[in-house]
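One-letter residues, chain by chain:
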Amino acid sequence: MQQMILDVDTGIDDALALMVAVRHPDVNLRAVTCVAGNASLEQVVRNTLTVLDAAGAGDIAVAAGASRPLLADASHAAHVHGSDGLGDLALPLSTRAVVPMHAVELLRREILASPTPVTLVPLAPMTNIALLVRMYPEVLVNIERIVFMGGSASVGNATAVAEFNTWHDPEAAEIVLTSGVPITMYGLDVFYAVTIPPEDIIRLTATSEPGAQLVGRLLQHIVSVKGGEVRVSGEGHGDIGDAGAVCAAIDPDGLSTVNLPVRISLGDPLTRGQTVVDHRTAGHEQHGAGDLLFRRIDVALGIDGARYAKFFLDTITA
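Residues numbered from 1 in each chain as written. Predicted model: local features only at pLDDT ≥ 70, side-chain atom pairs only at ≥ 80, totals over all residues. Heavy atoms only, no water.

(A) Fine view of the packing of helix H5 (residues 127-135) against helix H7 (residues 170-177). Here H5 crosses H7 at 50°, and the two axes come no closer than 8 Å. Between H5 and H7, the interaxial angle falls into the category oblique. The way H5 lies across H7 gives a crossing that is left-handed. Contacts between H5 and H7 involve Thr127, Ile129, Ala130, Val133 and Arg134 from the first element and Ala172, Ile175 and Val176 from the second. Looking at side-chain class alone, the contact of H5 with H7 contains 6 nonpolar, 1 polar and 1 charged residues. (Axes fitted to C-alpha atoms, helices over the stretch in contact; angles between N-to-C directions. Helix = DSSP H or I, 4+ residues; strand = E, 2+ residues; numbered from the N terminus. Parallel < 35°, antiparallel > 145°, perpendicular 65-115°, else oblique. Left-handed = near helix turned anticlockwise from the far one by under 90°. Contact = heavy atoms within 4.5 Å. Nonpolar A, V, L, I, M, F, W, Y, C, P; charged D, E, K, R; others polar.)

The following block contains the structure:
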């Protein structure tokens, strides 16, 4: 069984990702850590506990972490995720409680306690993970791989060139990328490629099962944010976003990656947070060949969207 930890800033697609991690039979979700990003840390924690309730999760440890990036101020994404981070669906508050320790301490505890190396899946700005790397480097030997949602080998969404998670805390992303752990970047190049058809969204929304119904409602919100509407006629596909990274962490064969040199732009305000991906083939690098500022990671450039859409639906409705 795969030992997994999610680090989240629970907005809509983090919620979908949590559902997959909780419900997949081959995953032992050891813990969930929270960080400011899509919403404030307080809201992220509240959302995470609510989603775990809907997912029917057992006693999974949840901890609050960083309330802001390492250097900059926090900047949230209510225009995408709603004022409460979950599409303003007025979901009931959970009676679950967070564990009485910082997220970094929980990460350390669970990684070191795992019987086999952990798959760490950050779906948010990587502030918590960077703090872990700096404070407790001894945990790195028991991390099998980091599969992070963030970055882009092409265009950005927070800016013209920077994706939101790496833009929100680029210093943290740079620390993690240079940690020496095997890393897969699940970025914007594949982020929107896994979509759920409208007939499935309607079916999920109509069910009485709380988790599946919540998934349907969240997918409806994703479609509406883009100006669409879910219709029986076939209009309104909803992309699963962050949940695709969890699908890829469990079933990597649906993801096409290339091992490429990457670094994070930190200085120039125009490019801050950009994942600078060197696509040049071996032997054709000129300036910068072997540059130690770049680290080779596996960059997702292609994806089997239909495979992961089925994987997602099968897991949610099993």
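Picking up where we left off.
(B) Main features of the packing of aromatic side chains. Within the structure shown, the criterion is met by 2 aromatic pairs. Between Phe164 and Trp167, the aromatic rings sit 5.9 Å apart at their centres with planes inclined by 45°, giving tilted as the arrangement. Of the two residues, Phe164 and Trp167 are both situated in helix H6 (residues 164-168); the distance of 3 residues between them amounts to about one turn of the helix. In this structure Phe164 comes out as buried when scored by relative accessible area, which is 13%. Look at Trp167 and you get partly exposed, because its relative accessible area is 29%. Pairing Phe191 with Tyr192 gives two aromatic rings, centres 4.8 Å apart and planes at 85°, and the pair type is edge-to-face. Seen from the ring of Tyr136, Arg108 lies directly overhead, with NZ or CZ sitting 4.9 Å from the centre. (Phe/Tyr/Trp six-rings, centres within 6.5 Å; stacked < 30°, edge-to-face > 60°. Buried < 20%, exposed > 50% of the residue type's maximum accessible area, 1.4 Å probe, protein only. Lys NZ or Arg CZ within 6 Å of the ring centre and 35° of its normal.)

(C) Geometry of the pairing of strand S1 (residues 2-8). A large share of S1 lies buried, amounting to 7 of its 7 residues. Side chains Gln2, Met4, Leu6 and Val8 of S1 all project onto a buried face; the interleaved residues Gln3, Ile5 and Asp7 project onto the opposite face, where all are buried too. With respect to chirality, the unit in which S1 leads through helix H1 (residues 12-23) into the neighbouring parallel strand S2 (residues 27-34) is right-handed. Sheet analysis places S1 next to strand S4 (residues 118-122), joined by 4 bridges and oriented parallel. Paired with Met4 across the two strands is Thr119, which belongs to S4. (Right-handed = clockwise from strand over helix to strand, strands pointing away. Pairing = 2+ DSSP bridges.)

(D) Main features of the pairing of strand S6 (residues 183-186). Here S6 shows two buried faces, one formed by Ile183 and Met185 and the other by Thr184 and Tyr186. Judged from the 2 bridges that link them, S6 and strand S11 (residues 295-303) form a sheet pairing that is parallel. The residue bridging Met185 from the neighbouring strand is Val299, located in S11.

(E) Spotlight on the sheet that holds S11. Strand order across the open sheet formed by 9 strands is S3-S2-S1-S4-S5-S6-S11-S9-S10, with mixed pairing between neighbours. Strands with a single pairing partner mark the edges of an open sheet, and in this sheet they are strand S3 (61-64) and strand S10 (275-277). Looking at each pair of strands side by side, their axes are set apart by 30° on average, direction ignored. Each of S1 and S2 is contacted by H1, which is oriented at about 165° to S1, the strand it contacts most.

(F) Summary view of the layout of surface pockets. Estimates place the volume of the second largest pocket at around 220 Å³. For the second largest pocket, the full set of lining residues is Gln2, Thr119, Glu144, Arg145, Val147, Thr184, Ala248, Ala249, Pro252, Leu255, Thr257 and Asp298. Breaking the lining of the second largest pocket down by element, the ones donating at least two residues are strand S5 (143-149), helix H11 (243-250) and strand S9 (255-264). (1 Å grid on protein atoms, 1.4 Å probe; cavity = no way out; pocket = protein on both sides within 12 Å on 5 of 7 lines; lining within 4 Å. Points joined across faces, edges and corners; volume = space filled by probe spheres on them.)

(G) Summary view of the packing of helix H9 (residues 198-206) against helix H12 (residues 305-317). Where H9 contacts H12, the two axes come as close as 13 Å, and the packing angle between them is 10°. In this view, H9 runs roughly parallel relative to H12, as classed from their interaxial angle. Crossing angle aside, the handedness with which H9 passes H12 is left-handed. The segment H9 lies against H12, with Asp200, Arg203 and Leu204 engaging Leu313, Ile316 and Thr317.

(H) Main features of empty space enclosed by the protein. Inspection of every chain in the model, using the stated rule, returns 1 cavity of 30 Å³ or more. One number sums up the size of the largest cavity: a volume of about 30 Å³. For the largest cavity, the full set of lining residues is Ala124, Pro125, Met126, Phe148, Met149, Gly150, Asn165, Thr166, Asp169 and Ala173. Secondary-structure elements contributing two or more residues to the lining of the largest cavity are S5 and H6. Among the residues making up the lining of the largest cavity, the classes are represented as 6 nonpolar, 3 polar and 1 charged.

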